[in-house]
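# Structural overview for review
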Amino acid sequence: MSAITQKFFIDGPAGKLEAVLGEPESAPKGIAVIAHPHPLHGGTMDNKVVHTLFTALLKLEFITVKFNFRGVGRSEGSFGQGVGETEDVIAVTQAIRNRFSHQFPEIPLLLAGFSFGGAVQLHAAEKLAPEFLLLVAPSVANLRAPPVPETTQYALIIHGDKDDVILPEAVLGWAEPAAQPVLIVPGAEHFFHGKLALLKRLVFDHFAHRI
């Protein structure tokens, strides 16, 4: 994988947001914005699942950004109960879109997130209307997440059957009214210990022919 990565800051609604941007050296297939787990439970953009999504999406030739929510790492502000974090996602996405709008004006958007970050992305998707969603063990019940927008072309939801943090039943219950498919990984717990290579392969396999 040939890619260029850089650390930088984005102006967010509650102050500066610390971010890492990866750019493929070939023509990008889209923009991907990744959201991390719960800030009050140790979640940061350096989380291993977030890192796995970041490398997979870069390999898929997305312009890929991960960032720390307000109050995490070097990001300014304090925890926003999910509402503020949704605003952070929107601000980051708009900043990255603006940065590349002249080169790639019609480029697709993918919103990705793990756990708390996955539920935040569903809220953000209501405003941002992404073409793609990639959610790993999203905490849909805790944040009362809305369904996948009808405008989204494809959503991949991945969950481990041994997850005891976000119970599979909660995600399946959220998915049932819209008949939203959920990919269940046998033997995987919440943080996908020992399953990160499989997770990366699943992401690549499901998106490679859709972009």
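Residues numbered from 1 in each chain as written. Predicted model: local features only at pLDDT ≥ 70, side-chain atom pairs only at ≥ 80, totals over all residues. Heavy atoms only, no water.

## Some thoughts on the packing of helix H2 (residues 83–100) against helix H3 (residues 116–128)
Where we set the bar: Orientation is described by lines fitted to C-alpha atoms, with helices fitted over the stretch in contact, and by angles between N-to-C directions that extend from 0 to 180 degrees. Where helices and strands are cited, they refer to DSSP runs of H or I of at least four residues and of E of at least two residues respectively, numbered from the N terminus. Every angle not falling under 35 degrees, over 145, or within 65 to 115 is termed oblique; those three ranges are roughly parallel, roughly antiparallel and roughly perpendicular. By convention, the crossing between two helices is left-handed when the near helix turns anticlockwise from the far helix through less than a right angle, and right-handed when the turn is clockwise. Any two residues whose heavy atoms approach within 4.5 Å at even a single point are treated as in contact. Classes in brief: Ala, Val, Leu, Ile, Met, Phe, Trp, Tyr, Cys and Pro nonpolar; Asp, Glu, Lys and Arg charged; the others, Gly included, polar.
Where H2 meets H3, the axes come as close as 9 Å, and the angle between the chain directions of the two elements is 60°. With respect to H3, the element H2 is oriented oblique. Pair H2 / H3 crosses with right-handed handedness. For the pair H2 and H3, the contacting residues are Glu 85, Thr 86, Val 89, Ile 90, Thr 93, Gln 94 and Arg 97 in the first and Phe 116, Val 120, Gln 121, His 123, Ala 124, Lys 127 and Leu 128 in the second. Along the lines of polarity and charge, the residues of the contact of H2 with H3 split into six nonpolar, five polar and three charged.

## Remarks on the sheet that holds strand E4 (residues 62–67)
Our working definition: By this definition, two strands are paired if DSSP reports at least two bridges between them.
Pairing in this open sheet of eight strands is mixed, and the strands run E1-E2-E4-E3-E5-E6-E7-E8 from one edge to the other. Strands at the two margins of the open sheet, each flanked by one partner only, are strand E1 (3–12) and strand E8 (183–185). Direction aside, neighbouring strands of the sheet carry axes that sit 20° apart on average. Here E1 runs beside strand E2 (residues 15–24); their pairing, made up of ten bridges, is antiparallel. Its bridge partner lying in E2, Ile 10 is registered against Leu 17. Sheet strands touched by helix H1 (residues 48–59): E1, E2, strand E3 (30–35), E4, strand E5 (109–114) and strand E6 (132–136). Its angle to E4, the strand with the most contacts, is close to 165°. Docked against the sheet, H2 engages E1, E2, E3, E4 and E5, running at close to 125° with respect to E1.

## Things to note about the environment of His 209
Keep this limit in mind: Between N or O atoms, a polar contact is any pair within 3.5 Å; within protein, one atom must be a potential hydrogen donor and the other a potential acceptor, and residues adjacent in sequence are included only when both atoms are from side chains.
Of note, His 209 is situated in the segment after helix H5 (196–207). Between the C-alpha atom of His 209 and that of Lys 48, which follows or precedes it by 161 residues, the distance is 25 Å. Polar side-chain contacts of His 209 include one of 3.4 Å to the backbone oxygen of Asp 205.

## Remarks on the pattern of salt bridges
This is how the line gets drawn: The salt bridge definition used is simple: a Lys or Arg side-chain nitrogen within 4 Å of an Asp or Glu carboxyl oxygen. Buried means the residue's accessible area, taken with a 1.4 Å probe over protein chains only, is under 20% of the maximum for its type, while exposed means over 50%, and partly exposed covers the values in between.
Per the stated rule, a full pass over the model turns up five salt bridges. The shortest N-O distance in the salt bridge between Glu 87 and Arg 70 comes to 3.4 Å. Of this pair, Glu 87 sits in helix H2 while Arg 70 sits in the loop between E4 and H2, and the two are 17 residues apart along the sequence. With relative accessibility at 39%, the residue Glu 87 sits in the partly exposed group.

## Some words on the packing of aromatic side chains
This is how the line gets drawn: Each pair of aromatic rings taken from Phe, Tyr and Trp, with Trp reduced to its six-membered ring, is defined by centres within 6.5 Å and is described as stacked if the planes are under 30 degrees apart, edge-to-face if over 60, and tilted in the remaining cases. By definition here, charges over rings are those cases where NZ of Lys or CZ of Arg is within 6 Å of the ring centre and within 35 degrees of the ring normal.
Under the definition given, this model contains six aromatic pairs. Ring geometry for Phe 132 against Phe 207: centres 5.9 Å apart, planes inclined by 90°, an arrangement best described as edge-to-face. Of the two residues, Phe 132 sits in strand E6 while Phe 207 sits in helix H5, which places them 75 residues apart along the sequence. Across the pair, exposure class does not vary: Phe 132 and Phe 207 are buried alike. Over the ring of Phe 204 we find Lys 59; its NZ or CZ atom is 4.6 Å from the centre of that ring. The ring of Phe 54 carries Lys 66 above its face, with NZ or CZ at 5.1 Å from the centroid.

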